[in-house]
Amino acid sequence: MHLSLVCLAKPVLHGYFRSSCSWRVRIAFALKGIEYDQVPVNLIKDGGQQLTEQYKTLNPMQQVPAVEMDGITLSQSLAVIQYIDETRPGPRLLPADPKKRAQVRMISDLIASGIQPLQKIGADKVQWSQHFIDRGFQALEPILKQTAGKYCVGDEISMADICLVPQVYNAERFKVDVGQYPTIKRLNQTLLEIEAFKVSHPSSQPDTPADLRA
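What you see is a predicted model, and the numbers here were worked out from it, not measured in a lab.

**Student:** Quick rundown of the packing of helix H2 (residues 20–32) against helix H4 (residues 77–87)? Include the residues and the values.
**Tutor:** The contact between H2 and H4 brings their axes to 9 Å, and the two run at 10°. Compared by their axis directions, H2 and H4 come out roughly parallel. Where H2 abuts H4, its residues Cys21, Arg24, Val25, Ala28, Phe29 and Lys32 lie against Ser77, Val80, Ile81, Ile84 and Asp85.

Okay, structure coming up:
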């Protein structure tokens, strides 16, 4: 009984409106039709609210997101997405086919480990960010040419798509010419028409500043 009550409780997402990793989790929740509560963690205000001792108890790495769900606390967006996929009904976020599932994980890791952290190191230096996003997209484009159908891997939305859209958003913020990457551009445009990607967008979150709202 206790476990079932825990599972019925709404998940709580501690995140930041503009964080790629937080956005990934919001997309996953939206695709699965899961209601959840949000607790904003402002990465800029007060020297960074993620650096407080209170938040450190939730996520010892002092990063966003942290997700309280089913009586446990999870961090690292890809782990959270995979947990959501394995425990909740709705569209699969990782394909049943092992080869496609491996491709989804490869693309997701390329973005989450190979582009996004390097971009963040020099986030205050546009040239630095542009360099590492371009470097990553030069690798990602030919991979997606091989794997893509309507979406990143075939014709079903997956974790790879969940990772792609926030990364393209970052690329556009840092003035990267996404037109150089026609497959990435096409996929992003297609995905942004889907409701789950719209409602989770950084321009429409509870902590989005008024001047950045859609």
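**Student:** Quick one: what's the story with the packing of helix H6 (residues 126–147) against helix H8 (residues 182–191), residue by residue and with numbers?
**Tutor:** The description of two packed helices rests on the angle between their axes and on the distance between the axes. At a closest axis distance of 8 Å, the pairing of H6 and H8 adopts a crossing angle of 75°. Here H6 lies roughly perpendicular to H8, going by the angle between them. Here Phe137, Leu140, Glu141, Leu144 and Lys145 of H6 come into contact with H8, specifically with Pro182, Thr183, Ile184 and Leu187. In the contact of H6 with H8, the residues fall into six nonpolar, one polar and two charged.

**Student:** For the nonpolar core, give the residues involved together with the corresponding values.
**Tutor:** Note on soluble globular proteins: their nonpolar side chains tend to be buried together. Counting 51 residues, the largest nonpolar core has Phe29, Phe137, Leu140, Leu164, Ile184 and Phe197 as the members making the most contacts within it. Elements represented by at least two residues in this core include exactly H2, strand S3 (66–69), H4, helix H5 (98–121), H6, helix H7 (159–173), H8 and helix H9 (195–199). Dropping the residues within four chain positions of it, phenylalanine 29 is found in contact with Pro11, Leu13, Ile34, Tyr36, Val67, Met69 and Ile84. Tyr16, Phe17, Val41 and Tyr55 belong to the second-largest nonpolar core, a separate cluster that totals six residues.

**Student:** Can you break down the pairing of strand S4 (residues 72–75) residue by residue, with the values?
**Tutor:** Summarising the sheet, S3 and S4 pair through four bridges and their orientation is antiparallel. Along S4, the bridge assignment pairs valine 67 with leucine 74. Where S3 hands over to S4, the hairpin turn is made up of two residues, of which aspartate 70 adopts a positive phi near 55°.

**Student:** How would you summarise the side chain of arginine 26 if you had to cite specific residues and measurements?
**Tutor:** Looking at the element boundaries, arginine 26 is found in helix H2. Of the side chains with opposite charge, aspartate 207 comes closest to the buried, unpaired arginine 26, at an N-O distance of 5.8 Å. If we ignore the near neighbours within four places in the chain, the residues touching arginine 26 are Leu13, Tyr16, Phe17, Tyr36, Gln38, Ser200, His201, Pro202 and Gln205.

Rules of the game
Residues numbered from 1 in each chain as written. Predicted model: local features only at pLDDT ≥ 70, side-chain atom pairs only at ≥ 80, totals over all residues. Heavy atoms only, no water. Axes fitted to C-alpha atoms, helices over the stretch in contact; angles between N-to-C directions. Helix = DSSP H or I, 4+ residues; strand = E, 2+ residues; numbered from the N terminus. Parallel < 35°, antiparallel > 145°, perpendicular 65-115°, else oblique. Contact = heavy atoms within 4.5 Å. Nonpolar A, V, L, I, M, F, W, Y, C, P; charged D, E, K, R; others polar. Core = buried A, V, L, I, M, F, W, Y, C linked by side-chain atoms within 4.5 Å. Buried < 20%, exposed > 50% of the residue type's maximum accessible area, 1.4 Å probe, protein only. Pairing = 2+ DSSP bridges. Lys, Arg positive; Asp, Glu negative; His and termini not counted. Salt bridge = Lys/Arg side-chain N within 4 Å of Asp/Glu carboxyl O.

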